[in-house]
Structure formats: C-alpha cells, structure tokens
Amino acid sequence: MVKISLGGCKPFVKQEEYDSYLNKAYAAFDELQGGKGAGNDFLGWLTLPEDTPESLVAECEAVRDDWKARGVNLVVVIGIGGSYLGARCAIEALSHQFLPKEGSPRVVFAGNNLSEDYLAELMDLVAKCNTACVVISKSGTTTEPAVAFRIVKEHIYKNYKDSAERIVAITDARKGALKTLSTQEGYRTFVVPDNVGGRYSVLTPVGLLPIVLAGYDIRALLKGAADERKALTVKGEDNAAIQYAAMRNLLYSGFGKKVEILVSFEPRLQYLGEWWKQLYGESEGKEGKGIYPASVIFTTDLHSMGQFIQEGDRVMFETTVKVENAKRNVVIGSDRENLDQLNYLAGEHVEHCNRMAQLGTKLAHIDGGVPQIEISIDRVDEYNLGAIFYYFEFACGISAYLLGINPFNQPGVEAYKKNMFALLRKPGYEKETEAILKRI
C-alpha cells in the first residue's frame, strides 16, 4: 500500500492553512467519486482494478504463449504518450537493469518520436530478431505511431508468412483506421475503452499486454491497484491521495510553488517519473493554471541539479517516492590500504548509504527552503506498481478538481499537430499551409 508523510512540509505550512485545503480536497474527492465533475464521461479507470475480467488476462497470456511458440524474441510496442509510458515504466522497473529476462522476449518501444535515426536503428535490431508487434492507437492515424507502424509492418509482411499472427492492435472497438485495417487483415485486437483516456490507461490492455509479453504478473499488478482503490475510497484525513492533493495545491496556490519535482533514489523508477509527468502535466496544465511536473533520480542528479534545487529560485517543492526494501543485498567490504577512505562503511549494505543520502538530502533541501512530501511503497514489484499507478491517478483527479480543472481533456495538445500537418502539406490543410508559410 502507498503511504504518505507530510512532515517535510511542516516548517513551511501552518496547520490551519493545511486544514483549509483538506476541506477543499474533501469536496474534490466527492466530485470525483460521485462522477459529477467535468470530464465525467472518462471515469472508466476508477473501477478498472475490479472490473478487469480474468478472461482479458487470459487473452493477454494467450498472445504471449502463441508468440513464444513462434520463437518471437523481440516485441516492438508502438504507441505514444499514455499508449506506452505506463507499460514502459512497469517493464523498466521490474526488469534486471543489465541482463535480459530468460524465457521472455525483449520489449522495445517505437512510435513515440519522429527521429529517423531512432527508427533506422530500431530496424537494425528488428532485422536480427524474430519479431512481433503491438500497435496501440484509437484512431490509427496519429502521426508518430502511424509512421512507425507502417515501417515495422512492411518488414513483418516481407519476412514472415504468418505476418497477421505477429501483429496485435489495441484500438477502438468499432471505428478508426487501425480497427478497419485489423478487420481486413485479421489481426488480433484488444479494445481501448471509450471511457478511459490515454494517460489513465495503464491498467487496460494498453499496459497489461506489453507487461505480460515482457514476462511479468498482471494479476499481481491489478491486485495492488484494487487494494489501493479500496483504501482510497475511504474519505478522511488519513486518505493518502486526499492529503497529497491538498498539500500540493496549498503549496502552489498559497506559497507560489509552481514546480513539483518527483524524486526517486531508485534508478529503476526513472520511467515512473516520465509517466507521472504526463499524467499531471496533461491533466492540470490548462487555463493558465497548473504545477509544472519535473523528475530526477538521486543521488545521480544531485551532481547536476542539486545546486539549483538547494539554492536556486524558490519555486519548487519535492515529492520523493521512497522504496522501503531493496530486492538485493550488496555489502561494502574492507580494504587494507583504505586509500578511498571507505573502511568506516565496511560491513554496511549499499542501501544503508542510499537511505542516509536520502535523509541527508531531505534535511538539506528543507534548510534550503524546499518543502518535502514523501510517498512510500514497500518494494518494487508488480503489486506495489499497481498500487502506485492507481494512487497517482486517483490523487490526480482530486487535485485537478481542487484546482478547478477538467482532468480528462487535453485541448492544447492539438496546436502543434495543426502546424505540423500544415507544414507537411497534409491534404485538407491547404489554407493552414498558406497561412503558416507567410509566418516563416
């Protein structure tokens, strides 16, 4: 289960100030739970932990088993934004950081950029492997994944007689270019629910299928999310999501803290930061409002960003994701020469050093004027990842409603697309092309 500590905010915040925002957060909680707020037609994610049927898990496992029988050792997952970040976060967090997982294919990601070098190097890998593909897109026409899919699909069709069996589409149930193509070609398909937006979709097939293919336990992931949901639906001052939403909004509105830095001292959680940045940035960054989400991995980034965090403009607060228990044990040995002057640590676990670095950083940053929120999980495994995914989603809904924002739309994302289509001279954008060419 996810726990929260707000002790690192006490030097900055008075109890009565926090209590005022806690009452506002209760109202936002009611708005979310009651389905009365803006964007309430996109609340399908709320009950996914309980609503996901065993048959869906079995379908994901059937794809895994079928591709294993075909000798597939590389799966290319094509998607952008919420269509890949949750799955990548889970796979990066659960995987050995240097060795491949025995008995499972390597899972790589494409369709999240338009770099020609990236795609060329991806195809170098594809050419050397026994490849299958998962393509994720509701429409099938989003530029970045559509370009990548066209290129990967061409390779699969050219090199495998069973090409249709090597492509799975996760798309709309009824409409769209990818759904049409899947029907024509006979691809296996999974549905992106209409009432779940992309950045809340990690517990749908969008996240579940790639995680299964990588060799991990989605039943445990869903169980962690279900248990977290059970805890978070209890309204009260002990609700960790309500506390988080109340404090971050108080720091933003009451103290001008416009930047939130998500911190982890565990490098395998780097992509948790990437997933979290999209969730909160896209949910809250509207109408001239919102906390800017950033992320760092300590102690690594203390040697690059530490100076600014310690003594730069006081616009920020930090939220640290703390992992209580490491997976492995490494003990520091003794050295007769002691030239590195580390014998005082002989016999200590490396994780002991990491924890003292975390505590020392927390105290230093409080002294430097940076409020501290601490979120903790027991360990990095499927169960706890499911819990923290659901926790941050639920807290985001409360926080955005507290801010007076619809958490489930993203109107600003379309601006760059319109300009890009005009510059690419996409049919139907002739007037926009003419106008934009005059500007440049």
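Residues numbered from 1 in each chain as written. Predicted model: local features only at pLDDT ≥ 70, side-chain atom pairs only at ≥ 80, totals over all residues. Heavy atoms only, no water.

Okay, the pattern of salt bridges next. This model, assessed by the stated rule, comprises 25 salt bridges. A salt bridge links Lys-235 to Asp-30; the nearest nitrogen and oxygen atoms lie 2.7 Å apart. Here the residue Lys-235 occupies a position in the loop between helix H9 (218–232) and helix H10 (240–255), and Asp-30 occupies one in helix H1 (residues 15–33), the gap between them amounting to 205 residues. On the basis of relative accessible area, Lys-235 is assigned to the partly exposed category, the value being 41%. Note that Asp-66 and Arg-70 form a salt bridge whose closest N and O atoms lie 3.0 Å from each other. We classify Arg-70 as partly exposed; its relative accessible area is 26%. Through salt bridges with shared partners, one network takes in Asp-66, Arg-70, Asp-162, Glu-165, Arg-166 and Arg-188. (Salt bridge = Lys/Arg side-chain N within 4 Å of Asp/Glu carboxyl O. Helix = DSSP H or I, 4+ residues; strand = E, 2+ residues; numbered from the N terminus. Buried < 20%, exposed > 50% of the residue type's maximum accessible area, 1.4 Å probe, protein only.)

Moving on to unusual backbone geometry. Among all residues save glycine, negative phi is the norm, and among peptide bonds the norm is trans. That bond from Phe-298 to Thr-299 is cis: its omega, 10 degrees, falls within 30 degrees of zero. Even without being a glycine, Glu-287 presents a positive backbone phi close to 55 degrees. Tracing the sequence through the fold places Glu-287 in the loop between helix H11 (270–284) and strand E8 (292–297). Of note in the backbone geometry, Gln-341 takes a positive phi value of approximately 60 degrees without being a glycine. Tracing the backbone through its elements, the reader meets Gln-341 in the loop between strand E9 (316–323) and helix H13 (350–367).

Attention now moves to the pairing of strand E4 (residues 131–136). Across a regular strand the side chains alternate sides, sitting on one face of the sheet and then on the other. Counted residue by residue, E4 has six buried out of six residues, so it is predominantly covered. Covered by surrounding structure in E4 are Thr-131, Cys-133 and Val-135 together with Ala-132, Val-134 and Ile-136, the residues of both alternating faces. Across five bridges, the pairing between strand E2 (residues 74–78) and E4 is parallel. Among the inter-strand pairings, Ile-78 is bridged to a residue of E4, identified as Val-135. Two strands pair when backbone bridges link them, and E4 and strand E5 (residues 167–171) are joined in this way by four bridges, in the parallel orientation. (Pairing = 2+ DSSP bridges.)

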